[in-house]
Amino acid sequence: MIPMKLNENFQKLQSSYLFSTIAKKVAVYQAAHPQADIIRLGIGDVTRPLPPAVIRAMHQAADEMARAESFQGYPPEYGQDFLLEKIREYDFAAYGVSLEADEIFVSDGAKSDTGNIGDIFDVDNIVAVCDPIYPVYVDTNIMAGRSGDLMENGRWSNFVYLPCTAENHFLPELPKTHADLIYLCFPNNPTGMAIDFDGLKAWVDYANREGSVILYDAAYEAYITQENIPHSIYQIDGAKSCAIEFRSYSKTAGFTGVRCAYTVVPKELKRNGVSLNSLWARRQATKFNGVSYITQRAAEATYSEEGRQEVRDIISYYQKNASVITQGLRSAGFQTWGGVNSPYIWMQTPGGLTSWAFFDQLLERAQVVGTPGSGFGPAGEGYFRLTAFGSAARTAEALERIATAF
């Protein structure tokens, strides 16, 4: 018998996804301490209910699906016109950015799209990643065969790393060597830091000069509070010829359990004379059947007058939590970053503890769960991420426990 061949790149991955490891460790602790009241400020999952306008739209859409005259079958592969128009108007035109409807591709999640976008690029392209970084960007490129080998320092031999440290305010510096694909996420996950117009312009200029493509994850743009922070990379001159942008309804309207997002691929973006817009359109038409009608009506409702206010209220709720976490940690003597334009707070572990050692102590002493910074890359060692997505009462209680425990 001739053995079949598998994708050996999958065997290079860590045995489990970061948040799966956290879940297992918490489960073990809970089993050993069944009476423990654990507060979870780790995974970036929301807790507030869906906005009432969204619920009404979903009910109405479900009723339409029950009638022959309004029943909807396969959705358009790239998104319903009613949703695409709202995206163009509120997410981009409002910031002076003009897009055509067929430059927007509605999908089931930014995580899916940031992982799948690699399908349209050759395996030999050089990938640049921030460190620390959202693990999906790294893992999906490992799966595709772009990573090379894991080195002793915890980095992959074929990646260009862009260290984000306290010294550079957790903002990546331009690479000193060429990179074909550059993953940027602002406001950033996990550090919570945002980039200003001048900083992002430097990246756009680099990409156009080098012929690179920026993969820009803007999933948290709705949390921006400061005026000098761009909401879209396309607010920067020249970005349409070098950048793909990813957006999500998960952390804004609470769609983590509903699943809806979109990716923008401008027609101006070409490499080797080939339109990346047409490549992504072909990929999506082949591998993706579109987002359900009910879900897209729900997303559309977030742009109604009521929906926009309700979404704003949800974001404000989480922003207040972020402020409580930041103030509470600083009062307890911790050094923190983020939490101003982001629902994430990045903190330095106390006493030189490793990220996982602090995770264990936090769980044992305070019964609070966060995310070890080392899970986001080698430069995350010695740091820790907390999220603002819990309830206000539980968030306040968690900070009281932390202050008492440390």
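Preceding this section is the structure that the text describes.
Parameters and conventions
Residues numbered from 1 in each chain as written. Predicted model: local features only at pLDDT ≥ 70, side-chain atom pairs only at ≥ 80, totals over all residues. Heavy atoms only, no water. Helix = DSSP H or I, 4+ residues; strand = E, 2+ residues; numbered from the N terminus. Rg over C-alpha atoms; globule rule 2.2 N^0.38 Å. Buried < 20%, exposed > 50% of the residue type's maximum accessible area, 1.4 Å probe, protein only. Contact = heavy atoms within 4.5 Å. Areas by Shrake-Rupley, 256 points an atom, 1.4 Å probe, with all protein chains shown as cover. Lys, Arg positive; Asp, Glu negative; His and termini not counted. Charge placed at Lys NZ, Arg CZ, Asp CG, Glu CD. Polar contact = N/O pair within 3.5 Å; in protein donor to acceptor, adjacent residues only side chain to side chain. Phe/Tyr/Trp six-rings, centres within 6.5 Å; stacked < 30°, edge-to-face > 60°. Lys NZ or Arg CZ within 6 Å of the ring centre and 35° of its normal. Pairing = 2+ DSSP bridges. Axes fitted to C-alpha atoms, helices over the stretch in contact; angles between N-to-C directions. Parallel < 35°, antiparallel > 145°, perpendicular 65-115°, else oblique. Nonpolar A, V, L, I, M, F, W, Y, C, P; charged D, E, K, R; others polar.

**Q** Pulling in residues and values, what's your account of the overall build of the protein chain?
**A** From N to C terminus, the protein chain includes 12 helices and 15 strands. A compact globule built from 406 residues should have a C-alpha radius of gyration of about 22 Å, and the protein chain, at 21 Å, falls within 12% of that. Along the first, second and third principal axes, the C-alpha atoms of the protein chain reach 60 × 60 × 50 Å. The buried share of the protein chain, taken over its 406 residues, is 54%. Of the contacts formed within the protein chain by residues at least 6 apart in sequence, a portion of 73% connects residues at least 24 apart. Counting every atom, the protein chain has about 17,900 Å² of accessible surface; 51% of that belongs to carbon and sulfur. One way to put it: in the protein chain the 35 positive side-chain charges average out to a point 3 Å from where the 46 negative ones average out.

**Q** Account for the environment of Ala366, with residues named and values stated.
**A** Structurally, Ala366 is set in helix α11 (residues 355–366). For Ala366, a relative accessible area of 1% corresponds to the buried category. Taking the C-alpha atoms as reference points, Ala366 and Asn272, separated by 94 residues in sequence, lie 55 Å from one another. Excluding residues within four positions of it along the chain, Ala366 makes contact with Gln361, Arg401, Ile402 and Ala405.

**Q** Talk me through unusual backbone geometry; I want residue IDs and the actual numbers.
**A** Cis geometry is adopted by the peptide bond preceding Pro132, which originates at Asp131 and carries an omega value of 10°. Mapped onto the secondary structure, Pro132 falls in the loop between β3 (127–131) and α5 (135–144). For the bond from Asn189 to Pro190, the omega torsion is 25°, close enough to zero to count as cis. Among the structural elements, Pro190 can be located in the loop between β5 (181–185) and α6 (197–210). Phi is positive for His169, close to 60°, though the residue is something other than glycine. One can find His169 in the loop between β4 (160–163) and β5. One non-glycine residue with positive phi stands out, namely Asn272, at about 55°. Along the chain, Asn272 falls in the loop between β9 (270–271) and β10 (274–275).

**Q** How would you sum up the environment of Ser212? Please name residues and give values.
**A** Locating Ser212 in the fold gives a position in the loop between α6 and β6 (213–217). Residue classification places Ser212 among the buried positions, given a relative accessible area of 0%. Distance in space between the C-alpha atoms of Ser212 and Phe186 is 18 Å, their sequence separation being 26 residues. Beyond its immediate chain neighbours, meaning those up to four positions away, Ser212 contacts His178, Ala179, Asp180, Ile182, Tyr206, Ala207, Cys242 and Arg271. At 2.5 Å, the side chain of Ser212 and the backbone oxygen of Ala179 are in polar contact.

**Q** If you had to explain the packing of aromatic side chains to someone new, which residues and values would you point to?
**A** Applying the stated criterion to the full structure yields 30 aromatic pairs. Ring geometry for Tyr220 and Tyr344: centres 5.1 Å apart, planes at 75°, overall edge-to-face. Of the two residues, Tyr220 sits in the loop between β6 and β7 (243–248) while Tyr344 sits in strand β12 (residues 344–348), which places them 124 residues apart along the sequence. Here Tyr220 and Tyr344 have matching classes, each one buried. Ring geometry for Tyr223 versus Phe389: centroids 6.4 Å apart, planes at 85°, classification edge-to-face. Of the two residues, Tyr223 is situated in the loop between β6 and β7 and Phe389 in the loop between β15 (383–387) and α12 (392–405); the sequence distance between them amounts to 166 residues. Residues Tyr223 and Phe389 agree in their burial class; the two are buried. A connected cluster of aromatic rings, assembled from ring pairs, spans Tyr90, Phe92, Tyr234, Tyr249, Phe255, Tyr262 and Tyr303. Positioned over the ring face of Tyr317 is Arg48, at 4.1 Å from the centre of the ring. Of note, Arg297 hangs over the ring of Phe82, and the distance from its end group to the ring centre comes to 3.6 Å.

**Q** Describe the sheet that holds β5, naming the residues involved and giving the relevant values.
**A** Across the sheet, 7 strands lie side by side as β2-β8-β7-β6-β5-β3-β4; this open sheet has mixed pairing. Of all strands in the sheet, those with a lone pairing partner are β2 (104–107) and β4, marking the two edges. Geometrically, the sheet is characterised by an average inter-axis angle of 20° between neighbouring strands, direction not taken into account. Looking at chain direction, β3 and β4 are connected through 4 bridges and run parallel. Looking at β4, one finds that Cys130 is bridged to Leu162. With respect to the sheet, α5 is in contact with β3, β5 and β6, its orientation differing from that of β5 by roughly 155°. Packing against the sheet, helix α8 (residues 276–287) makes contact with β2, β6, β7 and β8 (261–264), and its axis sits at approximately 25° to β2.

**Q** Give me the lowdown on the packing of helix α2 (residues 52–65) against helix α10 (residues 305–331), citing residues and values where you can.
**A** Where α2 contacts α10, the axes come no closer than 8 Å and their chain directions differ by 135°. When the axes of α2 and α10 are compared, the pair comes out oblique. On α10, the residues that touch Pro52, Ala53 and Arg56 of α2 are Glu306, Gly307 and Glu310. Looking at side-chain class alone, the contact of α2 with α10 contains 2 nonpolar, 1 polar and 3 charged residues.

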